Structure formats: structure tokens, C-alpha cells
Amino acid sequence: MTEDTKFHHGDATDAAPIVEMKNIEKHFGNIIALAGVSFDVKPGECHCLLGDNGAGKSTFIKTMSGVHKPTKGEIFFEGKPLHFDTPRDAMEAGIATVFQDLAMIPLMSVTRNFFMGREPTKGKGLLKRFDVDTANEVCMEEMRNMGINLRGPDQAVGTLSGGERQTVAIARAVYFGAKILILDEPTSALGVRQTSNVLATIDKVRSQGVGVVFISHNVRHALAVGDRFTVLNRGKTLGTAKRGEITPEQLQDLMAGGQEMAELEGSLGGTV
Amino acid sequence: MSQSAPVAADERVKSEPFLTKLMKRPELGAMAGVILVFIFFAITADASMFTLAGVMNFMTPAAQLGILAIGAALLMIGGEFDLSIGSMVAFSGLFFGVCVVTWQLPLMAAIPMTFVFAAMVGAVNGNIVIRSGLPSFIVTLAFLFILRGLSLVGLKMATGGSTQLRGVRDATENDWLAPFFAGEAFGGLFSWLAANGLIDTFKSGAPKVPGIPVEILWFIALALVATYVLLRTPAGNWIFASGGDRIAASNSGVPVNRVKVSLFMLTACCAALVAIITVMDAGSTDARRGFQKEFEAIIAAVIGGCLLTGGYGSAIGAFFGSIIFGMVVIGLTYTDFDQDWFQVFLGAMLLIAVLFNNAIRKRVTGER
């Protein structure tokens, strides 16, 4: 690593991993989406999962967050073997995912999206109800902390920009006390300023001791915040490198499958 | 982030006029519709339409439709359709009739059994939709015919060849539960009002309106409960979420399948409630009961602001949508117009409502 960034990087390497996944395989019919992927996340680190389109990044994190069940392989959560039947199980264990499609519903208000599936309630028995006032208050407060001023808590998510939606999704995950935050290409659709906002958010989240899994195919964004880097290619891990052990060029080559990329880059004059 | 503290107004957000805010409410269309229809009949209809007796007159069919429409609205917000509710009215009416007449059961057993039975059929509907991934439109269209056919066959089996099962009134007349599902409520109050000259009476001194028909009370109660559930409970949020985007909702931990199956069961139970009320009222059940009600209920829900794509709408809207219905069906008899204008009106209203809803949705989501 030659260029340094403004972010503080945690030395979380001695801590026990929160989640450890060993030799995960996932088959869809006769398609082998994952052919033995191992990966772990420690508290307070940002572990980047890199790979080109179709490398299996999305399938892998969906396995981690309980959407898919692995065909083979083991998952350990805080040292104990575990399997999730539903995304809700994973969420309750503390694995929060911000999906590429954001899991946001455009027609619903920001507050309703923020608390979707985990509504605060008050009252008991038949009178148990959605505590709208608290929800609105918390939502406005969290959004303000993230630098977004909403028109009102009832503003529909459909009216927010891509970056703002991303921030709502991250704020939601963090608010609900995630131990592991999985971000699926959070910066892929964002402008420059919104990207740096999201990266800064990742840094902030990490410093609170949350393990961040940052999926990206943008090496520059990954290097800006990552502590460790794992590259996936065609359903397999190509290895994990610590920060400082690998250069952007090497990462780029690994992601693209090496050889051809070097040739391509040559023809483009090293601009990729 | 850094700029946390000051709540600076965003210079890119224009302040919203009150009217625009109002435009965003899903039930606005239906409320405006009620006012328009009211004005129309205030001008064209006989003045007796808006006397107490006239109001009860149009509120009764409105309520019978409305109970179905509120169920249909919740299901539509949850992202599904049920075209079998009309047939369900006939089918659960048959079941209820058989319980009461053939098996001689008291209402205390017959009514819960009818609800459980309807809920089971609803659950079958829902489970087929969820498990097969087919559009609910097709699955429930199949049940529209299956249930109507079963009602016919079942009625003939129960009566030995007739498509009408009589004797419900005799069997239920003296049951203590009957007043909750048939006739008029608050009879005492209305007699008292009549005695004190506060409401119109016949020459004999009996009030022209003996009480509030029970279905109107059920209708209002259901609208209130449904609105409360939608807007003020976690379940309501789950219904909106399931209809808005089932994948996003389920990724966020909303039990989408459970929500949808429950909504199918609820719609079926609404149909059963209408069946029980109308069968007890008529004293008999027949195979044509609830004919085409599924379309009217869905139209009322759409007029009430429900989007056909789910995730948006309101129970209060369906409430007003049903009142529009009742007003027009009955109101035309108070005017010089041909009654069959009703159908024309129905189609036109649906079309206007859908166009209107589309425009509203674009406003809400800020679609560009």
C-alpha cells in the first residue's frame, strides 16, 4: 500500500472472528455458484470481498445472511456452529445486510422502511401497537446524524436519491445493533461525494466494534477502508491479503483472473 | 458525520402547500367521490333520499359490500387479489345454512364453525398462491368457479334438489346471538327518539326507522379496526411491506408468506360474515348469493385508493368507496333516471379512480 487514507485502520487481527465460514458450497441445480469459499470477519475490521461480476459475491453474502442455505460447508457464529433458516434468524443473531436492491420499499415512508420487520411497540396484549411517535423521532434523529435532512418522517423512500437510500439502509442496520454489517456494493451507484460519505460511515461503524463485510468490484473504494481483502473468482477464494501486503494492481489482476486483464490494461494504456 | 447538529432547511426542498399534502392521502379520491355523488343526488333525487330512512336504505347495501371491500382492500395492499369472495359468500352461506337447518346447531356453534370453515378455504387459496408462485388472479379465478359450483351441488344435496335452503329464520329466531347478526340495533333508543318526536314516525307512533341495521355497525367497526391495524400496528407495516416488495420485505425479516395467507383467511372471513348476516336477514340461502360481489368489492377498494400493484391504499378509502356504491345503487331509484345507468357508472368510476390513483402514486414516489 503506497497511498494512505484518512481513515484509522483497526488492528483487530488477534480477536476471535465473529463469523467464520468454512468451505461453503452452494449449488443451484446443476450450477455451482460457490465451490468452497472460506471467509471470516473479526470485530472492528472491514473485510472486503472483491470479485468481478458473476464471481459469486452476492450468492456468498446471501448464504451468510440466511437467504440461501449452503449446500455444503460450515458456519460458525462466535465460535459455535450455526445455521440460519431465514434472514430473520441471521438478523436476530446480529448479522445485518444492506442488499444491493436495498430492501427498501419506495411507496412506504422512510420511518416505515426504517423499522420494517422490527417495529417498536408500546402497550400490551390487544393494545400492543406500533409506536409511531418514537419511530418517527428515532428515524429523524438517525438520519440527521448521517447528514440527511428529511422533509418529514412520512416522506416516501421513492423520493430519496440513491445515496440517501443507501444511508437510510446503513443507518437502519447500525441502529439495530448489528455485530456484522454486510454491505453489498454500497458505492456502485453513487456519486463521488456520496461515496465518500458512505466510506466514512463504514469507518465510523467499524470503530464501534462492528465487523464490516464490504462487497465491491471497485478496488479503489475497497482499499480506502479495507483491513483485509478476499478475492473471489468463479466461485472460489483466491486468497486473503492483509492491508499493506497487496498493491491495487495485484488486487485488480486477481479480481479479473490475472492474465487477460494485464493484456487488456496494456491496450488501454493502464487506465482501468 | 460532521454536519449533524443544525437542522438546516434543505434549499432544494420546496415547501408543500396544504392541498398537495392532501393529494397524497390514498383515500382522498373516495372522499371527493362521496361529496360529488352526494351533490349529484342532492340536486337530482327526491328529498326523501337523505332523510334518516333514506340514509339507512342506502347504507345497508353499502355496508354489505363494504365488509367485503375492506377485506379486499387489505388483501390488495398486501399485494394479492381474491376473485373468489363473491362465491365464498354463497359457499359459506351454504355451510352456515346446513349447520343451522340440517344439523340444528345453535348459533353459538354454527357461527364460529362457519368462520373456521371460511378461514380454511381462504388458507387453501393463499397457500396455493404462495407455494406455486402463480398470480393470485388465476388461482382465485379458479376458486370463483369451484366455490360457486360447490355451492350449487351442495345446496341440491342438502335440500334434495332445490338451489335454495329455507328455514334459517325459524331455526335462529330465538337464539340469543341472533341480534348481533340480524335485524336492527338500538331499537330502544330509536323508539325513545320517536316517542319524543325527534325522528319521523308512522301514524301508529312506531318509528319509521326501527334501529340501525347491524351490518352498518359491523361495517363501521371493521373499517375502524382495519385502519387502526394498518396504520398503528406492526402487522399493518408488514401488510404494506409485503405488498410493496415481497423480496425486500422478507429480506428485512417480515414474515411475508404468513402475512399473505392470513390476509386470504381474513378476506374469506369477511365473506363469511356477509353470508351470515344476509342469510339470517333473508331467512334462506341460495346459490346466487354474493354474485359478482368480488368485482364490486375490488372496485370499491380501488376507488378507495388501493393500487392494483399492491403496497398502497387504505381501509377508510374502501369504506367511502362502498358508500359511493350504496348511494348510487339506491339513489337512482329516487331519481327519474333508468336504474341500469348503474353499470355505466360503475365502469366509469373505476376508470377514473385508476387514472387518479396512478397520478397520486407518481406524486408520492416523486417519479420522474
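Conventions and cut-offs
- Residues numbered from 1 in each chain as written.
- Chains lettered and ligands numbered in written order.
- Predicted model: local features only at pLDDT ≥ 70, side-chain atom pairs only at ≥ 80, totals over all residues.
- UniProt positions renumbered as here; feature names shortened; annotations may be inferred.
- Helix = DSSP H or I, 4+ residues; strand = E, 2+ residues; numbered from the N terminus.
- Rg over C-alpha atoms; globule rule 2.2 N^0.38 Å.
- Buried ≥ 20, exposed ≤ 12 C-beta atoms within 10 Å, placed from the backbone.
- Contact = placed C-beta atoms within 7 Å.
- Expected span 1.5 Å × (residues − 1).
- Pairing = 2+ DSSP bridges.
- Axes fitted to C-alpha atoms, helices over the stretch in contact; angles between N-to-C directions.
- Nonpolar A, V, L, I, M, F, W, Y, C, P; charged D, E, K, R; others polar.
- Parallel < 35°, antiparallel > 145°, perpendicular 65-115°, else oblique.
- pLDDT = per-residue confidence, 0-100.
- Bend = angle between axes of the 7 residues up to and from the residue.

Per an unreviewed UniProt entry, the recorded name for chain B is Xylose transport system permease protein XylH, and the organism is Ruegeria profundi. Chain B has a UniProt comment under Function (unreviewed entry) that states "Part of the binding-protein-dependent transport system for D-xylose. Probably responsible for the translocation of the substrate across the membrane." Quoted verbatim from the Subcellular location (unreviewed entry) heading of the UniProt record, the comment on chain B is "Cell membrane".

An unreviewed UniProt entry lists chain A under the name ABC transporter ATP-binding protein, with Ruegeria profundi given as the organism.

Let us look at the overall build of chain B. Tallying secondary structure elements over chain B gives 16 helices and 4 strands in all. Over its C-alpha atoms chain B spans a radius of gyration of 22 Å, differing by no more than 12% from the 21 Å that the globule rule assigns to 368 residues. Considered along the principal axes of its C-alpha atoms, chain B spans approximately 75 × 55 × 40 Å. In chain B, buried positions account for 49% of the 368 residues. Contacts in chain B between residues far apart in sequence, at least 24 positions, make up 78% of those at least 6 positions apart.

With that settled, consider the overall build of chain A. Tallying secondary structure elements over chain A gives 9 helices and 12 strands in all. Per-residue burial over chain A gives 46% buried out of 272 residues.

Residue and element names in this part refer to chain A. For helix α6 (residues 192-207), which comprises 16 residues, the first-to-last C-alpha distance of 23 Å matches the rise-based estimate of 22 Å (1.5 Å per residue) to within 8%. Turning to α6, its buried residues are Thr195, Asn197, Val198, Leu199, Thr201, Ile202, Val205 and Arg206. Packing partners of the buried residues in α6 comprise β3 (46-51), α5 (162-175), β9 (180-184), β10 (211-216) and α7 (219-225). Following α6 by one or two positions, Gly209 has its phi on the positive side, about 90°.

Moving on to the sheet that holds strand β4 (residues 72-77) of chain A. All names here are of chain A. Taken in spatial order, the 4 strands make up an open sheet running β2-β1-β4-β5, and their pairing is antiparallel. Either end of the sheet is taken by a strand with one partner, and the two such strands are β2 (31-41) and β5 (80-81). In terms of strand pairing, strand β1 (residues 19-28) meets β2 through 8 bridges, oriented antiparallel. Each bridged residue has a counterpart across the sheet, and for Phe28 the counterpart in β2 is Ile31. In the packing of helix α1 (residues 57-64) onto the sheet, the strands contacted are β1 and β2, and the crossing angle to β1 comes to about 120°.

Turning our eyes to something else, we now look at the interface of chain B and chain A. Listed per partner, the contact involves 28 residues of chain B and 32 residues of chain A. For the side of chain B that touches chain A, the elements supplying multiple residues, two or more each, are α11 (234-244), α12 (246-251) and α16 (341-365) of chain B. The biggest single contributor to the side of chain B that touches chain A is α11 of chain B, with 6 residues. Residues that form the side of chain B that touches chain A fall into these classes: 12 nonpolar, 13 polar and 3 charged.

What follows is about the environment of Ser191 of chain B. Residue and element names in this part refer to chain B. Structurally, Ser191 can be placed in helix α9 (residues 187-195). Owing to 17 C-beta atoms within 10 Å, Ser191 belongs among the partly exposed residues under this scheme. With 112 residues separating them along the chain, Ser191 and Gly79 place their C-alpha atoms 46 Å apart.

A few words on unusual backbone geometry. One can expect most non-glycine residues to show negative phi and most peptide bonds to be in trans. Phi angles above zero are rare outside glycine, and Asn23 of chain A is one such case at about 45°. When you line up the elements, Asn23 of chain A lands in strand β1.

All names here are of chain B. One can describe the packing of helix α10 (residues 214-232) onto α11 by two numbers: an axis separation of 5 Å at closest approach and a directional angle of 80°. By the angle class used here, α10 and α11 are roughly perpendicular. Contacts between α10 and α11 involve Val229, Leu230, Leu231 and Arg232 from the former and Ala235, Gly236 and Ile239 from the latter. Of the residues that constitute the contact of α10 with α11, the class distribution is 5 nonpolar, 1 polar and 1 charged.

All names here are of chain A. On the basis of which strands lie adjacent, the open sheet formed by 6 strands has the order β6-β9-β10-β3-β11-β12 and mixed pairing. Of all strands in the sheet, those with a lone pairing partner are β6 (95-98) and β12 (236-242), marking the two edges. For this sheet, the mean angle separating the axes of adjacent strands, direction not counted, is 20°. Sheet topology places strand β11 (residues 228-233) next to β12; 5 bridges connect them, and they run antiparallel. Residue pairing for β12: Asn233 is matched across the bridge by Lys236. Packing against the sheet, α1 makes contact with β3, β6, β9, β10 and β11, and its axis sits at approximately 155° to β9.

All names here are of chain B. Here chain B shows a mean pLDDT of 88. Residues at 70 or above account for 92%. Contacts for the low-pLDDT stretch residues 1-8, under 50 throughout, to residues beyond four places or in other chains number 11 contacts. Of the two predicted TM-score estimates for the complex, the pTM is 0.82 and the ipTM is 0.80.

Because an α-helix packs 3.6 residues into every turn, residues spaced three or four apart end up facing the same way. Residue and element names in this part refer to chain B. Considering bend angle alone, the principal kink of helix α3 (residues 52-77) is centred on Gly66 and spans about 30°. α3 sits mainly inside the fold: 19 of its 26 residues count as buried. Residue Gly79 follows α3 closely and has a positive phi angle near 90°.

So, about the pairing of β10 of chain A. Residues and elements named next belong to chain A. Burial analysis of β10 places 6 of its 6 residues in the buried class, which makes it a mostly covered element. Along β10, one buried face is formed by Gly211, Val213 and Ile215 and the opposite face, lined by Val212, Phe214 and Ser216, is buried too. Both β3 and β10 contribute to a ladder of 5 bridges, which runs parallel. When the bridges of β10 are listed, Cys48 appears paired with Phe214. In the sheet, β9 pairs with β10 via 5 bridges, with the strands oriented parallel.

Here the focus is the pairing of β6 of chain A. Residues and elements named next belong to chain A. Side chains of β6 alternate between two faces, with Ile95 and Thr97 and Ala96 and Val98 buried alike. As judged from the 4 bridges shared by β6 and β9, these two strands associate in the parallel manner. Residue pairing across strands places Ile95 opposite Ile180, the latter belonging to β9.

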